[in-house]
Amino acid sequence: MKTIGILTSGGDAPGMNAAIRAVVRTGIYYGLKVKGIMRGYAGLVEDEVIDLNLSSVGDILQKGGTILRTARCEEFKKKEVRKKAYETLQKHGIEGLVIIGGDGSFRGAQLLSEEWNVNTIGIPGTIDNDIPCTDYTIGFDTACNTVIDAINKIRDTATSHERANIIEVMGRNAGYIALYAGLAGGAEMIILPEVEWSIDELCDKITYGIKRGKLHHIIVLAEGVMSAPELAKMIKERLPKLDLRYTILGHIQRGGAPTVMDRVLASQMGARAVELLLENKTKRIISIRNNQIVDDDIDEALSMKKEFNRKLYELSKILSI
Ligand code: ADP
């Protein structure tokens, strides 16, 4: 193998740059040429390919976002469009392709491998942590830290005014950000898609909290359940006198300098991707499980189910009584 390519696809996540840097520098260390494909699969189809060298990835380790940009390319679901992607790889002599993204991006990689025999390696990069094969995805830790920073600030003002606050966090259909940030931020209540909840129980808890002298009530709500205004409306119908505000954190959760955890994870996964290609392994997804960097066939990785950490959820309930 002489030349490899790298792209970032789907939603961006802090730490993607650290992974790009690791792929480029490890590749060059082993004597490979590394090419960057701009804007994910869209750039692969439209032949947007650049040469990457040691200094192209200088000074990016600490930056959020992705220097290769990212895009969603619905067209990539069509076989004739993927043929164009294969032609771009052929044109540039790219023999191995590293894809940093989520489940959708891995489906694209799976098809490229099956249809055109492209050597693909996937690295999980998404703030949502919703990729079943891995305990953690690149970007998740940074996003959780952004959320707890916001919770800390909201708690200050909520305490001064003796208010209740709903904080809506990202996560798509998964509640990992809500669970981890809610626990770490000391939320009174965490509402997420994986666990049943009731509006009456929530309101009872707020009322009980007020009686026992709590000065604030932080409710962390995962976007996959409902929106903050909807939940606020439901609470106000039951507790009309409650001083209640809501904050939708939105895209600030997707940006910012990656944390140590995300930089270390991205560096390990990026380096491993290059090693796997050099070992002639293909159609693999890299994961971290039980603190070990491992890899699985894409088909297997995509069929795995992630066990929801109910113990952590129960703990958050005990600690917020
Ligand atoms: P993520 O990778 O974060 O899950 P998306 O689901 O948006 O994000 O997928 C990113 C890109 O991967 C899509 O824009 C598309 O180009 C490609 N992709 C997603 N699903 C498929 C699929 N079933 N077949 C081929 N390509 C896909």
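Residues numbered from 1 in each chain as written. Predicted model: local features only at pLDDT ≥ 70, side-chain atom pairs only at ≥ 80, totals over all residues. Heavy atoms only, no water.

Asks: Where do I start with the domain arrangement of the protein chain in this structure?
Replies: A common measure of how large an interface is: the accessible area buried when the components associate. Domain boundaries in the protein chain define domain 1 (3–139 + 258–303) and domain 2 (141–255). Here the C-alpha centroids of domain 1 and domain 2 sit 34 Å apart. Facing the 15 residues of domain 1 at the interface are 14 residues of domain 2. The closest approach of N and O atoms between Arg 254 and Asp 12, which form a salt bridge, is 2.8 Å. Across the domain 1-domain 2 interface, the total number found is 11 residue pairs in polar contact (both at pLDDT 80 or more). Across the side of domain 1 that touches domain 2, the residue classes break down as six nonpolar, four polar and five charged. (Domains from an automatic or database assignment. Contact = heavy atoms within 4.5 Å. Salt bridge = Lys/Arg side-chain N within 4 Å of Asp/Glu carboxyl O. Polar contact = N/O pair within 3.5 Å; in protein donor to acceptor, adjacent residues only side chain to side chain. Nonpolar A, V, L, I, M, F, W, Y, C, P; charged D, E, K, R; others polar.)

Asks: Any chance you could explain helix α6 (residues 176–184) here in plain terms?
Replies: The α-helix advances 3.6 residues per turn, and as a result positions three or four apart in sequence lie on the same side. Taken residue by residue, α6 has Tyr 176, Ile 177, Ala 178, Leu 179, Ala 181 and Gly 182 as its buried positions. In this structure, the buried side of α6 is in contact with α5 (140–161), β6 (164–169), β7 (189–191), β8 (217–222) and α11 (310–319). With its phi angle positive at about 70 degrees, Gly 186 sits one or two positions after the end of α6. (Buried < 20%, exposed > 50% of the residue type's maximum accessible area, 1.4 Å probe, protein only. Helix = DSSP H or I, 4+ residues; strand = E, 2+ residues; numbered from the N terminus.)

Asks: Is there a simple way to think about the UniProt feature "binding site: ATP" (unreviewed entry) in the protein chain in this case?
Replies: Under the local residue numbering, the UniProt record ascribes the feature "binding site: ATP" (unreviewed entry) to Gly 11, Arg 72, Cys 73, Gly 102, Asp 103, Gly 104 and Ser 105. For the residues just named, distributed over 95 residues, the greatest C-alpha separation is only 13.8 Å, placing them together at one site. Locating Gly 11 in the fold gives a position in the loop between β1 (3–8) and α1 (16–29). Among the residues examined, Gly 11 registers a relative accessible area of 18% and is labelled buried. Apart from residues lying up to four places away in sequence, Gly 11 is in contact with Met 16, Arg 72, Gly 125 and Arg 254. Take Asp 103: it is sitting in helix α4 (residues 103–116). Using a relative accessible area of 22% as the deciding quantity, one classes Asp 103 as partly exposed. Among all residues touching Asp 103, those that are not within four sequence positions of it are Asp 130, Ile 131, Pro 132 and Leu 302. (UniProt positions renumbered as here; feature names shortened; annotations may be inferred.)

Asks: Sorry if this is basic, but what is going on with the packing of aromatic side chains here?
Replies: Here the distance between the centres and the angle between the planes together describe a pair of aromatic rings. Overall, the coordinates contain six aromatic pairs when judged by the stated rule. Ring geometry for Tyr 86 against Trp 116: centres 4.9 Å apart, planes inclined by 15 degrees, an arrangement best described as stacked. Of the two residues, Tyr 86 is situated in helix α3 (residues 79–91) and Trp 116 in helix α4; the sequence distance between them amounts to 30 residues. Take Tyr 86: its relative accessible area is 23%, and that puts it in the partly exposed class. An aromatic cluster of three or more residues is present, and its members are Tyr 136, Phe 140 and Tyr 180. (Phe/Tyr/Trp six-rings, centres within 6.5 Å; stacked < 30°, edge-to-face > 60°.)

Asks: How do you make sense of the UniProt feature "domain: Phosphofructokinase" (unreviewed entry) in the protein chain when you look at a structure like this?
Replies: This chain's UniProt record puts "domain: Phosphofructokinase" (unreviewed entry) on residues 4–277. End C-alpha atoms of residues 4–277 are separated by 9 Å, and the span's content is 44% helix alongside 17% strand.

Asks: What's the story with helix α7 (residues 199–211) in this structure? I'm lost.
Replies: Its 13 residues place the ends of α7 18 Å apart at the C-alpha level, agreeing with the 18 Å of an ideal helix rising 1.5 Å per residue. Of all the residues in α7, the buried ones are Ile 199, Leu 202, Cys 203, Ile 206 and Gly 209. The buried residues of α7 occupy an angular sector of 120 degrees when the element is viewed end-on, so they sit on one face. Summarising the geometry of α7, the exposed residues directed more than 90 degrees from the buried face are Asp 204, Tyr 208 and Lys 211. Next to the buried residues of α7 lie β7, β8 and α8 (228–238). (Expected span 1.5 Å × (residues − 1). Arc of directions from axis to C-beta.)

Asks: Help me understand the site of the ligand in this model?
Replies: Close to the ligand lie 16 residues; Arg 72, Cys 73, Gly 102, Gly 104 and Ser 105 are nearest. At a separation of 2.9 Å, an oxygen atom of the ligand approaches a polar backbone atom of Gly 102. Measuring from an oxygen atom of the ligand, one finds a backbone N or O atom of Asp 103 at 3.4 Å. Bound to the protein, the ligand loses 86% of the 550 Å² it would expose on its own. Among the elements that make up the shell around the ligand, the one with the highest residue count is α4 (six residues). Looking at the shell around the ligand, its residues break down into four nonpolar, seven polar and five charged. (Near = heavy atom within 4 Å. Areas by Shrake-Rupley, 256 points an atom, 1.4 Å probe, with all protein chains shown as cover.)

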